[in-house]
Amino acid sequence: MLEIRDVSINYDRVQAVRSVSLDVVPGEIVTLIGGNGAGKTTTLRCISGLIRPAGGTIRFEGAPLERRRPAEIVRLGVSHVPEGRRVFPRLTVAENLDLGAYGENTGTAEQRREAVFTLFPVLRERVTQLAATLSGGEQQMLAVGRALMAGPRLLLLDEPSLGLAPIVVRGLFQALLRIRQSGVTMLLVEQNARLALQVADRAYVLERGEIVCSGAAAAVAADERIVRAYLGSEVKTVEASRG
Amino acid sequence: MRLGWLAGLTLVVAIAPLAVGNQYYQQVLVNVGINIVLVLGLNVIIGMTGQLSLCQGAFFGIGAYASALLMTRVGLSFWLSLPLAALIAAAAGFALGIPALRLRGHYLAMITLAFAVITHQVLQNWVELTRGHSGLVRIPWPDVMAVGPVELAVQSRERYYLLVVALVVVALLGTAALQRSRLGRSLLAIREDEVAAELMGVDTRLCKLLAFSLSALFAGVAGSLYAHYAKILTPDLFGVMESINVLVMLVIGGAGTIVGPILGAGVVTVLPEVLRAVADYRLFIFGAILVGCVLFFPGGLVELSRRVLGDRRTTRTDRPTRPVGRVPAALRGAAVSADGGQPLLAVQEVEKRFGGLAAVKAVTWELRAGEILGLIGPNGSGKTTMLNLVSGVYPPTRGTICLDGRPISGLRPSAISQAGISRTFQKIRLFRRLTVAENVAVALAPGRVPKLAGELWRGRIVGLDPDAGSEITALLELVGLAHRADHEARTLSYGEQRLLEIARALATRPRVLLLDEPAAGLSAVDVAFLREVLLRIQGSGIGTVLVEHHMELVMHVSHRIVVLDHGEKIFDGAPQKAQKDPGVLEAYLGADADQPVTVDA
């Protein structure tokens, strides 16, 4: 469904991602994990057209994405839930959702809004509230709901757990599993590796712009390299304390 | 050499119209000269300091009316009226600067625009003083003044032209001196990045007030020159459009340069005269030129010529090998004076709330001289907030921060910088259009209070004293950038920019150095080099706090690791223990759930 081949991305004069290849098959949840600055967000932004890759190819259902504008990519069926939620704070919940269905006819929008409310009942209660007044967890639900309003076949999620309490994160991840049941494929970027590996089918581990290990989620979870990717190689001697 | 050029050019300009003898050309040139002074003034506030001001025409008017009234009503000599008028305008600039300090961007533009409108209204309606719409008429030529054996008599158009040329030269020399002075560098630093300037110890409030005053001072001189040449003043000469017109000259010529104002004033003054033939289309053509200029050469005519001629300062070069030098002696002295036993920096129970959100919750840690402390934690754990608290970007909600036992929390960033804490930024905040050496020089200034008058007095306008020069070189050698000293910061590679930030931070002679992700985006070679630099800094006795996600670096270079998670300290100890600590692992990798996430029935 999504095919990334040898993609390199320069960001602010820095090579943030080096020759990354990854695949997402219909119906899967694939997670891309790694420490801060590993290039996870950059990769997602590149898929959804917010940054152009310096090299390599990205195909979605066979169609090349590298040269397309973000709005076209949304219309092709790829929606992006950005890091930090980015809801429109001074618009209401209903308006936020409607904007997600930009360009769709009202009937379709109506149906999808019902589906979003079924998934996140709390949003129905808050429908006339300004998004800024929602809690962090509710804002994240709104961001996911808004992305679903475009009727995507592939959902890109960037750190949905960021800044949320564990109980809220749990509910959110349960919702992700239900979204998968409804036939939406997902590429999930997470810093919270253990959680992501629980819900994902397969995983890729990024370390400073390169994929250092990949495979079935359970196998990756057991791999030693994942700790190294987050905390660096083991310190054996206290070499710095000679000063 | 440069002075020779200027002298020659001045002579040609001074003689040319006398030779031609055409009154019309002479008049146009006088207007060009007055406008040059006016634009040079606006250049101080916009071009050098980066603050958008829309009231240069108002200061121009204040200067003109003040000079005319001082001579006709008070009966002062022109030679006193001119400087007094300039000072009155400068005082108005200072007064406007006080409320304007709080504002930036379009808000600042609005308040200066309002000032222009108010000034116009005052000139119109304070009839007893300004005679309102009737205007001031029959303003006299300058009176004759004897300077020793020489008599200054400027009582014809030809003579007046020479006076204008002389004052334009003074204004140009003044601007050149300003650019090279400590104050000038501070202004440029504010333009490039006000927060970084403040954090490098520049008193940005004082500097901006001085910039507003100087800007108005130039306008006052121009106003006085205009009044006694035109002989008639009416309020409408100094309306909002005049202010806009001066801005247009600056933009077309190129803000932030010395040549730009000359070109801009010349083109914008002369062009309408040339276009008189096509009077109906004059404004249209003029507008088209302006739009084209802004679209294609935002740097003005100066940028256009630079692009054509090529400029070494802005060309990139290949990266040569970079030696690692030594920490300058001055720095080592500063650091060793810290008492070995007592902690250099003590952060006690510090808390920071943004609204209801606690970004940092009652965190305590210490740093000793010559120690590298790795401050790590997942995204949003409060690391950068912590650095901002220590460097004074914002005050803590609760708790104290002490440097050498003295509390520093609540001080302004520039005061904290002067007390001995310096920092770099996660997102690089160099003064991009200053050279590498100038970036360091801004932070170096030992007294840091701009001493323009003093520098001019001692003839040190050419810049830094020799000791400072050698300290800059030593700092640049330390980070391997000595060979790039004359290049603009924006032409450096990303890694070099990170290193320059460190050199600039060291130039404030800190005892504590805060580094915010210095390795972000660096190649493996650059990281190895950075590590060498860090160890050398540490060897000099400076305490370093390293916020970094490059775990390979942070774990192998730090003596101690402090881990933050959700604003709380969850670990404080040796790196090898940090890597095994269950709490740290959980913070980074997430908790092992006691029950798996499943879809509810």
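Everything numeric in this text was worked out from a predicted model, so none of it was measured.

Asks: Explain the overall build of chain A to me, please; I cannot follow it from the model alone.
Replies: The secondary structure content of chain A amounts to 10 helices and 10 strands. Here the C-alpha atoms of chain A give a radius of gyration of 19 Å, agreeing with the 18 Å that 2.2 N^0.38 yields for 243 residues. Along the longest, intermediate and shortest principal axes, the C-alpha atoms of chain A span 65 × 40 × 35 Å. Relative to its full complement of 243 residues, chain A shows a buried share of 47%. Long-range pairs, those at least 24 residues apart, make up 66% of the contacts in chain A between residues at least 6 apart in sequence.

Asks: Hey, could you run me through the pairing of strand β6 (residues 78–81) of chain A in this one?
Replies: Across a regular strand the side chains alternate sides, sitting on one face of the sheet and then on the other. All names here are of chain A. Residue alternation in β6 divides its side chains into two sets, V78 and H80 and S79 and V81, and both sets are buried. Pairing of β6 with strand β7 (residues 154–158) involves 4 bridges; the strand directions are parallel. From the neighbouring strand, S79 faces β7, where its bridge partner is L155.

Asks: For this particular structure, what's the right way to read the domain arrangement of chain B?
Replies: Often, the extent of an interface is quoted as the loss of accessible area upon association of its parts. You can read the domains of chain B as domain 1 (2–239) and domain 2 (329–589). Averaged C-alpha coordinates put domain 1 of chain B and domain 2 of chain B at centres separated by 42 Å.

Asks: When you look at the interface of chain B and chain A in this model, what are you seeing that I'm missing?
Replies: Counting residues at the interface gives 33 residues for chain B, matched by 32 residues for chain A. Those elements that place two or more of their residues in the side of chain B that touches chain A are α22 (524–539), α23 (551–557), α24 (575–578) and α25 (582–589) of chain B. Per-element accounting of the side of chain B that touches chain A gives the leading share, 6 residues, to α23(B). Tallied by class, the residues present in the side of chain B that touches chain A amount to 17 nonpolar, 13 polar and 3 charged.

Asks: Sorry if this is basic, but what is going on with unusual backbone geometry here?
Replies: Backbone phi values are negative for most residues with the exception of glycine, while trans is the configuration of most peptide bonds. Residues and elements named next belong to chain A. Positive phi outside glycine occurs at D6, with the angle close to 50°. Take D6: it is sitting in strand β1 (residues 2–11). The class for D6 is exposed, based on 12 C-beta atoms found within 10 Å. With a phi angle near 50°, R86 is a residue other than glycine that sits in the positive phi range. Residue position: R86 is located in the loop between β6 and α3 (93–100).

Asks: Even after reading the chapter, I still don't get the environment of B:V554, so can you show me in this structure?
Replies: By secondary structure assignment, the location of B:V554 is in helix α23. A residue is classified by how many C-beta atoms lie within 10 Å of it, and B:V554, with 24 of them, is buried. The sequence separation of B:V554 and B:A519 amounts to 35 residues, and the corresponding C-alpha distance is 9.5 Å. Those residues in contact with B:V554, other than ones at most four positions away along the chain, are A:G232, B:G374, B:I376, B:L546 and B:E548.

Asks: Would you mind showing me how to read the nonpolar core here?
Replies: When a protein is soluble and globular, its nonpolar side chains tend to lie buried together. All names here are of chain B. With 242 residues, the main nonpolar core has V37, L38, A89, F218, A222, V440 and A503 as its most contacted residues. Tallying contributions element by element places helix α10 (residues 204–230) first for this core, with 15 residues. Shared between two domains, this core holds at least three residues of each, these being domain 1 (2–239) and domain 2 (329–589). Beyond its immediate stretch of four places on either side in the chain, A222 contacts I34, V37, L38, F60 and G63.

Asks: Would you explain helix α11 (residues 240–253) of chain B in this entry?
Replies: Since the α-helix advances by 3.6 residues per turn, residues separated by three or four positions end up pointing in the same direction. Residue and element names in this part refer to chain B. Between its first and last C-alpha, α11 extends 20 Å over 14 residues, near the 20 Å set by a 1.5 Å rise per residue. Where burial is concerned, most of α11 is hidden: 10 out of the 14 residues are buried. Regarding α11, the residues found buried are E242, S243, V246, L247, V248, M249, L250, V251, I252 and G253. Of the residues trailing α11, G254 is marked for its positive phi of about 125°.

Cut-off values and rules
Residues numbered from 1 in each chain as written. Chains lettered and ligands numbered in written order. Predicted model: local features only at pLDDT ≥ 70, side-chain atom pairs only at ≥ 80, totals over all residues. Helix = DSSP H or I, 4+ residues; strand = E, 2+ residues; numbered from the N terminus. Rg over C-alpha atoms; globule rule 2.2 N^0.38 Å. Buried ≥ 20, exposed ≤ 12 C-beta atoms within 10 Å, placed from the backbone. Contact = placed C-beta atoms within 7 Å. Pairing = 2+ DSSP bridges. Domains from an automatic or database assignment. Nonpolar A, V, L, I, M, F, W, Y, C, P; charged D, E, K, R; others polar. Core = buried A, V, L, I, M, F, W, Y, C linked by C-beta atoms within 7 Å. Expected span 1.5 Å × (residues − 1).

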